[in-house]
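Fold and geometry: a report
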Amino acid sequence: MKTVGLTGGIGSGKSTVASMFKSLGVPTYNADTEAKVLMQNSEALQAGLKTLFGDKAFKNNVLNRTYISKKIFSDQSLLKQMNALVHPAVAAHYSLWLSEQTAPYIIKEVAILFEIGAQNEFDFILTVTAPKQTRIDRVVNRDTKSATEIEAIMANQWSENYKIKHSDFIIENIELLKTRKKVYAIHNKILKIIS
């Protein structure tokens, strides 16, 4: 079974693209979503997060994502320490999930794929792009973040040019119909390559 790493900057539409592959029958794994589930449900991770961030890490036994986000985006050291707790737990969960799949290939959505040096773990890399302002507008409409906060997140992510240069497939996600056609073309190309 082949693996495709799906990445792109905040607001590029990675999850939209992943759901399009899913509708074609491709199993998809969202590392960010699973990380949030594990941070909420794993007692070992909860203990580690409380040690790292203090009791404010959880509010009424619910992960206080706003508090944690504010802490890590102003402190690279805290971000690294949090990743050292979360990434191994997600990696173990993903390995188990992967062992249960039977499709010709799978998609793993990883927002910071290049940033964590995970590009060599995949047979193919697919990067989703969109113009910067489009991405900011999408996130402002989707989340409770300001344009300034979104630009701070973008500053922590590697440039789109670097990602594009080191990817096997690129989707510029502006119009959904064009994006869907591109997903379909890439899907058929991957199937052809691996058959």
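Since the model is a prediction, treat every value here as computed from it, not as a measurement.

1. Overview of the confidence of the model for the protein
Per-residue confidence for the protein averages 93 on the pLDDT scale, and 100% of its residues sit at or above 70. Per-element confidence in the protein ranges from a low mean pLDDT of 82 for helix α7 (residues 147-156) to a high of 98 for strand β5 (residues 105-109).

2. Comments concerning the nonpolar core
In terms of nonpolar packing, the biggest core is built from 27 residues, with Phe53 and Met82 touching the most fellow members. Listed by contribution, the elements that provide at least two residues to this core are α2 (31-41), α3 (43-53), α4 (65-73) and α5 (76-99). Considering each element in turn, this core owes the most residues, 7 residues, to α5. Look past the residues within four positions of Phe53 in its chain and what remains in contact with it is Tyr67, Ile68, Lys71, Ile72, Leu78 and Met82. Judged by nonpolar contacts, the second largest core, of 17 residues, contains Leu6, Tyr105, Phe169 and Val183.

3. A word on the packing of α4 against α5
Where α4 contacts α5, the axes come no closer than 6 Å and their chain directions differ by 120 degrees. With respect to α5, the element α4 is oriented oblique. Residue-level inspection shows Ile68, Lys71 and Ile72 of α4 in contact with α5, the latter providing Gln76, Leu78, Leu79 and Met82. Tallied by class, the residues present in the contact of α4 with α5 amount to 5 nonpolar, 1 polar and 1 charged.

About the thresholds
Residues numbered from 1 in each chain as written. Predicted model: local features only at pLDDT ≥ 70, side-chain atom pairs only at ≥ 80, totals over all residues. Heavy atoms only, no water. pLDDT = per-residue confidence, 0-100. Helix = DSSP H or I, 4+ residues; strand = E, 2+ residues; numbered from the N terminus. Core = buried A, V, L, I, M, F, W, Y, C linked by side-chain atoms within 4.5 Å. Buried < 20%, exposed > 50% of the residue type's maximum accessible area, 1.4 Å probe, protein only. Contact = heavy atoms within 4.5 Å. Axes fitted to C-alpha atoms, helices over the stretch in contact; angles between N-to-C directions. Parallel < 35°, antiparallel > 145°, perpendicular 65-115°, else oblique. Nonpolar A, V, L, I, M, F, W, Y, C, P; charged D, E, K, R; others polar.

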